[in-house]
Amino acid sequence: MSKNTLRIEATFQKRENDNKIMSLFITAGYPNLDSTVDLILGFEKNGADIIELGMPFSDPLADGPTIQKASTRAIENGITMNKIFDIVQQVRKSSQIPIILMGYINPVLRYGVAEFCKKASESGVDGLIIPDAPLEESSIISDEAEKNKLDVIYLIAPNSTDERMRRVDEMSSGFVYCVSVTGVTGARQGDEVAKSVSRFIDRVNINVTKTPKLVGFGIKDYNDAQIISKDLDGFIVGSALINTIEQNYPNEEWQENVFQFVKELKFGNI
């Protein structure tokens, strides 16, 4: 796919040795409308390589209670699709970190797929993750995404067949999102995830050979991240980050504490 920018591709090309790419999920407009830009810039300064910016929706079927709660708060705060595009434009004034919009197809359809992809591209978005627009229905978004030079990232899970993994590899651009466990998002015990994920990762590496691979769902700290992403390009953290924000906001030093958590996620206790 020809792209306006090669930010996602360049991120993986710059990866050195065993350093893992860290992608962080944050709900746009959470914990308040004014903090999202500062959080993204702070995440980057503390080791984030990619940002997944959640588009809040009232019926988030793939999300566990943590991200559901954050989405509800963001909607109450008054987040809208246009405000999400504004957030990306603000970030682009001082950062070239790859930004992926992650959310559900319903708000995109309501906005208008063509207009959504056009506005996303113009604001500086690099890619899209739409969990409820799977391969079989992907043309509903992928055609317009390609016209607007946006990567489309698909998900695979332990119950994905080998054939489906190969098709995802063919159709994905940016990276493949490897869902470590079947079920909704949420931090789990690292050893629980690691035990169940190893055979899945072996299958992923056999079948997904063209596209970079990140693993998400269930990672809560540095050790989890290193163990679970050991044979992949990196990892994704969402619920554990949202939990950290929830535990610290609105204390006076809440952002500093969140950024410290991000730094330790990437580098460990150094």
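To keep things clear, this report deals only with the structure shown in the data block. (Residues numbered from 1 in each chain as written. Predicted model: local features only at pLDDT ≥ 70, side-chain atom pairs only at ≥ 80, totals over all residues. Heavy atoms only, no water.)

### A look at the side chain of Thr244
- For Thr244, the position within the fold is in helix α11 (residues 239–248).
- Ignoring anything within four residues of it in the chain, the contact list for Thr244 reads Val258 and Phe261. (Helix = DSSP H or I, 4+ residues; strand = E, 2+ residues; numbered from the N terminus. Contact = heavy atoms within 4.5 Å.)

### Some thoughts on unusual backbone geometry
- That bond from Tyr30 to Pro31 is cis: its omega, 0°, falls within 30 degrees of zero.
- Of note, Pro31 is situated in the loop between β1 (21–27) and α2 (36–45).
- Cis peptide bonds are those with omega within 30 degrees of zero, and the linkage from Tyr249 to Pro250 qualifies with 5°.
- Phi at Lys149 takes a positive value of approximately 60°, unusual for a residue other than glycine.
- Of note, Lys149 is situated in the loop between α7 (139–147) and β5 (151–152).
- Overall, the relative accessible area of 30% leaves Lys149 in the partly exposed class.
- The backbone phi angle of Phe217 is positive, close to 80°, even though this residue is not glycine.
- Mapped onto the fold, Phe217 is located in the loop between β8 (213–216) and α10 (222–228). (Buried < 20%, exposed > 50% of the residue type's maximum accessible area, 1.4 Å probe, protein only.)

### Regarding the sheet that holds strand β6 (residues 155–156)
- Taken in spatial order, the 9 strands line up as β5-β4-β3-β2-β1-β9-β8-β7-β6 in an open sheet, and their pairing is parallel. Looking at strand neighbours, the two that pair on one side only are β5 and β6, the edges of this open sheet.
- Across 2 bridges, strand β4 (residues 127–129) lies against β5 in parallel orientation. Looking at β5, one finds that Leu128 is bridged to Val152. (Pairing = 2+ DSSP bridges.)

### Let's talk about the pattern of salt bridges
- This model, assessed by the stated rule, comprises 14 salt bridges.
- With its nearest N and O atoms 2.7 Å apart, the salt bridge here joins Lys210 to Glu170. Taken as a pair, Lys210 in the loop between α9 (190–207) and β8 and Glu170 in helix α8 (residues 162–171) lie far apart in primary sequence, 40 residues in all. Across this residue pair, the class does not change: Lys210 and Glu170 are exposed.
- Lys220 is the salt-bridge partner of Asp224, the closest N and O atoms lying 3.3 Å from each other.
- Accessibility expressed as a relative area gives 6% for Asp224, which makes it buried. (Salt bridge = Lys/Arg side-chain N within 4 Å of Asp/Glu carboxyl O.)

### Quick notes on the pairing of β8
- A two-sided burial pattern is seen for β8, the buried positions comprising Lys213 and Val215 on one face and Leu214 and Gly216 on the other.
- Relative to β8, strand β7 (residues 176–179) runs parallel, the two sharing 4 bridges. Counterpart to Val179 in the pairing with β8 is Gly216.
- A crossover connection joins β8 to the parallel strand β9 (residues 234–237) through α10; in handedness this β-α-β unit is right-handed. (Right-handed = clockwise from strand over helix to strand, strands pointing away.)

### Quick notes on the packing of aromatic side chains
- Considering all chains together, one arrives at 7 aromatic pairs under this definition.
- Three or more aromatic residues link up through ring pairs in this structure, and these residues are Phe85, Tyr111 and Phe116. (Phe/Tyr/Trp six-rings, centres within 6.5 Å; stacked < 30°, edge-to-face > 60°.)

### Points about the packing of helix α6 (residues 113–123) against α7
- Interaxial distance between α6 and α7 falls to 9 Å at its minimum, and their mutual angle equals 40°. Judged by the inter-axis angle, α6 sits oblique to α7. Like other packed secondary-structure pairs, α6 and α7 cross with a definite hand, here right-handed. Between α6 and α7, the residues in contact are Val113, Ala114, Phe116 and Cys117 and Ile140, Ile141, Glu144 and Ala145, respectively.
- By residue class, the composition of the contact of α6 with α7 is 7 nonpolar, no polar and 1 charged. (Axes fitted to C-alpha atoms, helices over the stretch in contact; angles between N-to-C directions. Parallel < 35°, antiparallel > 145°, perpendicular 65-115°, else oblique. Left-handed = near helix turned anticlockwise from the far one by under 90°. Nonpolar A, V, L, I, M, F, W, Y, C, P; charged D, E, K, R; others polar.)

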